[in-house]
Amino acid sequence: SWNGGGSPTAMCGLALLCYMAHGETPASKEFGPTVEKAIRYLMYAQEPSGRFKNSGPHVVYGHAIATYALAESYGMTQMVLLKDPMEKAVKVIVDGQQAGGAFDYNYNKEGRKDMSVTAWQVQALKAAKMAGSETKGLQEALYKCVDGVKSFSGQGGGFGYYGQGKSPTLAGAGVLCPEFLERADDAAVTATLQATQNVS
């Protein structure tokens, strides 16, 4: 694993995603052993419930990042031993989605919702879908994510942190998620891009 940020699981997932974005797999000559050890750590860190140990104080960030990394690992290698861990991790996210499509700390189903949390879940679910996940309810969860992300969009562009608004730090996530969900032409995306251009 890698240290930092209070979650070795999340840091391991992020580092692994970087290696894979560079095209590295366990079979790579130079970085293969590092990639393999990172994958093994994530498998070791997964509990029988599908959740990951050492995922940080709110669970959702570390869990989504680890799920994202496992999904990318399975998608790139098709290693059979990764499929079940990926599916169990995806099920945790699907089961933790709120009725409106968003997500919150600790996968709380009601009350507060969080755009930054939701964005990481979208990335993990999309990666799992692309990797061939067969988790029940995955496609429906992705459809609901469209409404979940849009619920944070404000008038005139922008995305809020807890609800509708214009948090500058979440504009990128707010635009990226609809693109992942094949809604790049959504009015909220267009307005946010225009507002961002006006600011710069």
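These remarks concern the structure in this document. Nothing here was measured: the structure is a model prediction, and the numbers come from that model.

Conventions adopted
Residues numbered from 1 in each chain as written. Predicted model: local features only at pLDDT ≥ 70, side-chain atom pairs only at ≥ 80, totals over all residues. Heavy atoms only, no water. Helix = DSSP H or I, 4+ residues; strand = E, 2+ residues; numbered from the N terminus. Rg over C-alpha atoms; globule rule 2.2 N^0.38 Å. Buried < 20%, exposed > 50% of the residue type's maximum accessible area, 1.4 Å probe, protein only. Core = buried A, V, L, I, M, F, W, Y, C linked by side-chain atoms within 4.5 Å. Contact = heavy atoms within 4.5 Å. Salt bridge = Lys/Arg side-chain N within 4 Å of Asp/Glu carboxyl O.

1. Quick notes on the overall build of the protein
Summing up its helical and strand segments, the protein has eight helices and zero strands in all. Start at the N end of the protein and walk to the C end: the helices and strands fall as α-α-α-α-α-α-α-α. A compact globule built from 200 residues would reach a C-alpha radius of gyration of about 16 Å, and the protein, at 17 Å, matches this within 12%. Within the span of the protein, comprising 200 residues, buried residues form 50% of the whole.

2. Let's talk about the nonpolar core
The biggest cluster of nonpolar side chains holds 52 residues, and the ones touching the most others in it are Leu-16, Leu-42, Val-90, Phe-103, Tyr-107 and Leu-125. Residue assignment for this core shows that the elements contributing at least two residues are α1 (8–21), α2 (32–45), α3 (60–77), α4 (80–95), α5 (115–131) and α6 (138–150). The leading source of residues in this core is α5, at nine residues. Excluding residues that lie within four positions of it along the chain, Leu-42 makes contacts with Thr-9, Cys-12, Gly-13, Leu-16, Phe-52, Ala-66, Ala-69 and Leu-70.

3. Remarks on the pattern of salt bridges
In this structure the tally under the stated criterion is six salt bridges. A salt bridge links Asp-114 to Arg-112, with the nearest nitrogen and oxygen atoms 2.8 Å apart. Take Arg-112: its relative accessible area is 27%, and that puts it in the partly exposed class. Among the charged side chains, a network of salt bridges with common partners joins Lys-83, Glu-87 and Glu-134.

4. Quick word on unusual backbone geometry
The bulk of non-glycine residues show a negative phi, and the bulk of peptide bonds are trans. The phi angle at Gln-78 is positive, at roughly 55°, despite the residue not being glycine. Summarising the element assignment, Gln-78 is placed in the loop between α3 and α4. Residue Asn-106 is not a glycine yet carries a positive backbone phi of 60°. With respect to the secondary-structure elements, Asn-106 resides in the loop between α4 and α5. Residue classification places Asn-106 among the partly exposed residues on the basis of a relative accessible area of 33%.

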